Amino acid sequence: MDDLLERLRAGLPAEALISDPDIMVSYGRDMASFCDAGLPAVVVLPRTVEQVQHVMRTATALRVPVVPQGARTGLSGAANASDGCIVLSLIKMDRILEISPVDRIAVVEPGVINAVLSREVNKHGLHYPPDPSSWETCTIGGNIGTASGGLCCVKYGVTAEYVLGLDVVLADGRLLTTGRRTAKGVAGYDLTRLFVGSEGSLGVVVRAVLALKPKPPQQLVLAAEFDSSAAACAAVCAIMEGGHTPSLLELMDGTTVRAVNALAQMGLPESTEALLLAAFDTPDPAADLALVAEVCRAHGATEVVPADTPAESELLLQARRISLNALEAVRTATMIDDVCVPRSRLGAMLDGTAAIAKKYDLTIGVCAHAGDGNTHPVVCFDHADPDESRRARESFDEIMALGLSLGGTITGEHGVGVLKKEWLARELGPVGVELQQGIKRTFDPLGILNPGKVF
């Protein structure tokens, strides 16, 4: 321990090191339930690439594990500390280095907050689409590490589609540059995509070149109420099959609607079993909403409410934005699942989740990026009740099994981390696991980068 701190101090300013156990505890974990976390030996908050390189060279020399962290808003335990590790927090590397309207790129450090970047590029008439629900606090580096998504993915895609290039400090301290600044480029293997979603297990991202889009018009939103999740999911399928391009297509089941009412008294009908929100940011969003309203009515919508202004649209979206907070208020703890299925199986996923909730006698609300088939079943439980906690964990696993049986994936945007690593092998199969573990050994032969995560 003394040798570690002495070596780190040789290349870092005093304010970059935290060794007080009472403070280090606050860097111990992200927001996931049921994920173990340890006490780090030291927390390092570098401000430069050279300081990150010094940390990794020291860790390699002493064989000390390193856990890279962003804002710790993740939901899989990927940022959880292990006993005796170096927590490498990138939150102080928070500069926007460049915004180029001509090349439509931004060059940023990993600690830049998603919302800060979005607002800055908006000033240039540009748009950075990935918008996780934690966008006001989560960092770009964390978004890259978990390949995060957001509400607008149905039209604009996920983080991986906007990362053009990276600077990455490898386990031994070498600096690797991947990708490009150009709009096109196919030279060599796509190492950039390999790092996106790797959860800090292959290297430490210290700079990112991000693609930008022209800033779209303000969107208008429609809310449609249904008396069953099956009817709402059928409407989703019809909307996508009809060639519509919503900028947002979100679904809340009846459990979630009632939780939102209880928290915020929003006046949503208690009889609603599914609330579908659709938005368009096209040149004539009102016309697009009118077409989707007809689709919803044709599939049994009991009420369709289109917004006339962006302000009204924001009011309609508020119910979706607070849905996780509302479900968290139901019991003392939650587990947020992240199962993505083909759109055509979305109805089966919601019906199956409702059956699991009944089987385990638990409250499980579902909010979903319906246009992507990405569901977020939220298991509500009392963490002080051992039996209820057991049932919560078992129901969580059963939901993942359901997703796989429907041709889906165990995670659409939250990552594997600690929470789902036992399930990763089931999804990948033995050949996939063997090859991915080989990639891990190539980049991290000593196994010091975020050990115990993903694999």
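Being a predicted model, the structure only gives us computed values, none of them experimental.

*Asks:* How should the layout of surface pockets be read in this particular structure?
*Replies:* The method is simple in principle: a probe with the dimensions of a water molecule rolls over the atoms, and the space it marks as empty is what remains. Estimated volume of the second largest pocket: approximately 610 Å³. Lining the second largest pocket are 28 residues, with Val196, Gly197, Ser198, Glu199 and Gln436 positioned closest to its centre. Residue assignment for the lining of the second largest pocket shows that the elements contributing at least two residues are helix H7 (191-195) and helix H15 (421-443). Sort the elements by how many residues they give to the lining of the second largest pocket and H15 lands first, with six residues. Residues that form the lining of the second largest pocket fall into these classes: 13 nonpolar, ten polar and five charged.

*Asks:* Just to check I follow, could you spell out the side chain of serine 389 for this structure?
*Replies:* With respect to the helices and strands, serine 389 occurs in helix H14 (residues 386-405). On the basis of relative accessibility, which here comes to 10%, the residue serine 389 falls in the buried class. Polar side-chain contacts of serine 389 include one of 3.4 Å to the backbone oxygen of aspartate 382.

*Asks:* Teacher, can you tell me more about the sheet that holds strand S2 (residues 42-44) here?
*Replies:* Working definition: the strands of a sheet are paired by backbone hydrogen bonds and lie parallel or antiparallel to each other. Read from one edge to the other, the open sheet built from four strands follows the order S1-S2-S4-S3, with strand pairing classed as mixed. Since the sheet does not close on itself, it has two edges, and those belong to strand S1 (17-18) and strand S3 (66-69), each with one partner. Here S2 pairs with strand S4 (residues 86-89) via three bridges, running parallel. Bridged to valine 44 within S4 is leucine 88. Contacting S1, S2 and S4, helix H1 (residues 2-9) runs over the sheet at an angle of about 15° to S2. On the sheet, helix H3 (residues 49-62) packs against S2, S3 and S4 and is oriented at approximately 165° with respect to S4.

*Asks:* What's the story with the pairing of strand S13 (residues 248-253) in this structure? I'm lost.
*Replies:* Both faces of the sheet carry side chains from a regular strand, because those side chains alternate between them. In terms of burial, S13 is largely enclosed, as six of its six residues are buried. Of the two faces of S13, the one lined by Leu248, Glu250 and Met252 and the one lined by Leu249, Leu251 and Asp253 are each fully buried. Here S13 pairs with strand S14 (residues 274-280) via six bridges, running antiparallel. Bridge pairing in S14 places methionine 252 opposite leucine 275.

*Asks:* Sorry, what's going on with the nonpolar core here?
*Replies:* One recurring pattern in soluble globular proteins: nonpolar side chains tend to sit buried together. Grouped together as the largest cluster of nonpolar side chains are 56 residues, with contacts concentrated most on Ala224, Phe226, Ile239, Leu276 and Cys296. No other element matches the eight residues that helix H8 (residues 229-241) contributes to this core. With residues near it in sequence (within four places) discarded, isoleucine 239 still touches His244, Pro246, Leu249, Leu276, Val292, Val295 and Cys296. Counting 32 residues, the second-largest nonpolar core is a separate cluster that includes Ile99, Tyr128, Tyr156 and Val209.

*Asks:* Would you mind showing me how to read the sheet that holds strand S6 (residues 105-108) here?
*Replies:* Spatially, the five strands line up as an open sheet ordered S5-S6-S10-S8-S9, and their pairing is antiparallel. At either margin of the open sheet sits one strand with a lone partner, and together these are strand S5 (96-100) and strand S9 (175-179). Averaged over all neighbouring strand pairs, the angle between strand axes comes to 10°, with direction disregarded. Of the strand pairs in this sheet, S5 and S6 are connected by four bridges, and their pairing is antiparallel. Following the sheet pairing, glutamate 98 is matched in S6 by valine 107. Against the sheet, helix H4 (residues 114-122) engages S5, S6 and strand S10 (204-211), with an angle of about 35° to S5.

*Asks:* How do you make sense of the packing of aromatic side chains when you look at a structure like this?
*Replies:* Aromatic ring pairs: the centre-centre distance and the angle between the two ring planes describe each pair. Under the definition given, this model contains three aromatic pairs. The interplanar angle of 25° and the centroid separation of 5.4 Å between the aromatic rings of phenylalanine 34 and phenylalanine 381 together place this pair among those described as stacked. Remark: phenylalanine 381 occurs in strand S19 (residues 374-381) and phenylalanine 34 occurs in the loop between helix H2 (21-24) and S2; sequence separation between them is 347 residues. With a relative accessible area of 36%, phenylalanine 34 lands in the partly exposed category. Taking relative accessible area as the criterion, phenylalanine 381 reaches 2% and is therefore assigned buried. Ring geometry for tyrosine 128 against tyrosine 162: centres 6.1 Å apart, planes inclined by 75°, an arrangement best described as edge-to-face. Separated by 34 residues along the polypeptide, tyrosine 128 in the loop between strand S7 (126-127) and helix H5 (140-146) and tyrosine 162 in the loop between helix H6 (153-156) and strand S8 (163-169) bring together distant segments of the chain.

The rules we used
Residues numbered from 1 in each chain as written. Predicted model: local features only at pLDDT ≥ 70, side-chain atom pairs only at ≥ 80, totals over all residues. Heavy atoms only, no water. 1 Å grid on protein atoms, 1.4 Å probe; cavity = no way out; pocket = protein on both sides within 12 Å on 5 of 7 lines; lining within 4 Å. Points joined across faces, edges and corners; volume = space filled by probe spheres on them. Helix = DSSP H or I, 4+ residues; strand = E, 2+ residues; numbered from the N terminus. Nonpolar A, V, L, I, M, F, W, Y, C, P; charged D, E, K, R; others polar. Buried < 20%, exposed > 50% of the residue type's maximum accessible area, 1.4 Å probe, protein only. Polar contact = N/O pair within 3.5 Å; in protein donor to acceptor, adjacent residues only side chain to side chain. Pairing = 2+ DSSP bridges. Contact = heavy atoms within 4.5 Å. Axes fitted to C-alpha atoms, helices over the stretch in contact; angles between N-to-C directions. Core = buried A, V, L, I, M, F, W, Y, C linked by side-chain atoms within 4.5 Å. Phe/Tyr/Trp six-rings, centres within 6.5 Å; stacked < 30°, edge-to-face > 60°.

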